[in-house]
Each structure stands twice: as structure tokens, then as C-alpha cells.
Amino acid sequence: MIQVTRINNQAIILNSDLIEQIEMVPDTMIALTNGQRLFVKETADEIVARVVEFRRRILQGLQPHPLHNPPVREAVGN
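The numbers attached to residues start from 1 for each chain and follow its sequence in the written order. A pLDDT threshold of at least 70 governs which residues receive local features in this predicted model, and a stricter bar of 80 or more applies before side-chain atom pairs are shown or counted, although totals over entire chains, interfaces and linings include all residues. Side-chain measures here rest on the full set of heavy atoms in the structure, leaving out hydrogens and waters.

Secondary structure elements follow DSSP: runs of H or I of four or more residues count as helices, runs of E of two or more count as strands, with numbering from the N terminus. Looking only at helices and strands, one finds one helix and five strands in the protein chain. When accessible area is computed with a 1.4 Å probe and restricted to protein chains, residues below 20% of their type maximum are described as buried, those above 50% as exposed, and intermediate ones as partly exposed. For the protein chain, the residues scored as buried account for 26% of the 78 residues in total. Computed by Shrake-Rupley with a 1.4 Å probe, the accessible areas treat only the displayed protein chains as cover when residues are assessed. Working note: accessible area of the protein chain is about 5800 Å², and carbon and sulfur atoms make up 52% of it.

Quick look at the structure:
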């Protein structure tokens, strides 16, 4: 999941697996696999960098986004 900013300044969290393509028309338009189109403030390069970083963190076994993944409490022994 990555964070992007809609043209109206609303921040949203986007499932990056749904991105089909990104176009600069002149605003950045993200086309999703479900047919939805999102217009965002970020450039195509910024979006790609966020997706790469998100996937890198997953492959390294790190929490993808610490703000949206609260730490897991360890079980207390009996």
C-alpha cells in the first residue's frame, strides 16, 4: 500500500497491486485494474519510487508502513 494525494489534497492509501498504468495528462492519472481512474498530485516517478520502496520493505521482511501496521504484542508466558 502506498499513500498518494488526490488533486483536492485528500490523502489516500492505495493498493499498489491494482495499478495498471500511470499517465501524465498533464496531471498524473493512475488507471487501476478495476477500471477506476485516480488523478493525483504526485508525479509518475514518485509513485513508482513509492511502489518500489513498499515492495522492497516487504521482501526484506520489514513492516511496509509503520503508521498503518501497529506493532504486534508479544504473548505473556503462563
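Another point: helix H1 (residues 44–59). Over its 16 residues, H1 runs 23 Å from end to end, which matches the ideal 22 Å to within 8%, given 1.5 Å per residue. The complete set of buried residues in H1 reads Ala44, Ile47, Val51 and Phe54. Relative to the axis of H1, the buried residues are bounded by an arc of 95 degrees and lie together on one face. The positive-phi residue at the C-terminal boundary of H1 is Gly61, with phi of around 80 degrees. Given a helix with a known number of residues, its expected span is that number minus one, times 1.5 Å. Our arc is simply the arc of the directions from the helix axis toward the C-beta atoms.

Note on scores: pLDDT gives the predictor's confidence for each residue, bounded by 0 and 100. Looking at the protein chain, the pLDDT average stands at 85 and 78% of residues meet or exceed 70. Low pLDDT, under 50, characterises residues 68–76; the predicted model gives this stretch three contacts beyond four residues in sequence or across chains. Residue contacts follow a heavy-atom distance rule, with two residues in contact if any of their heavy atoms lie within 4.5 Å.

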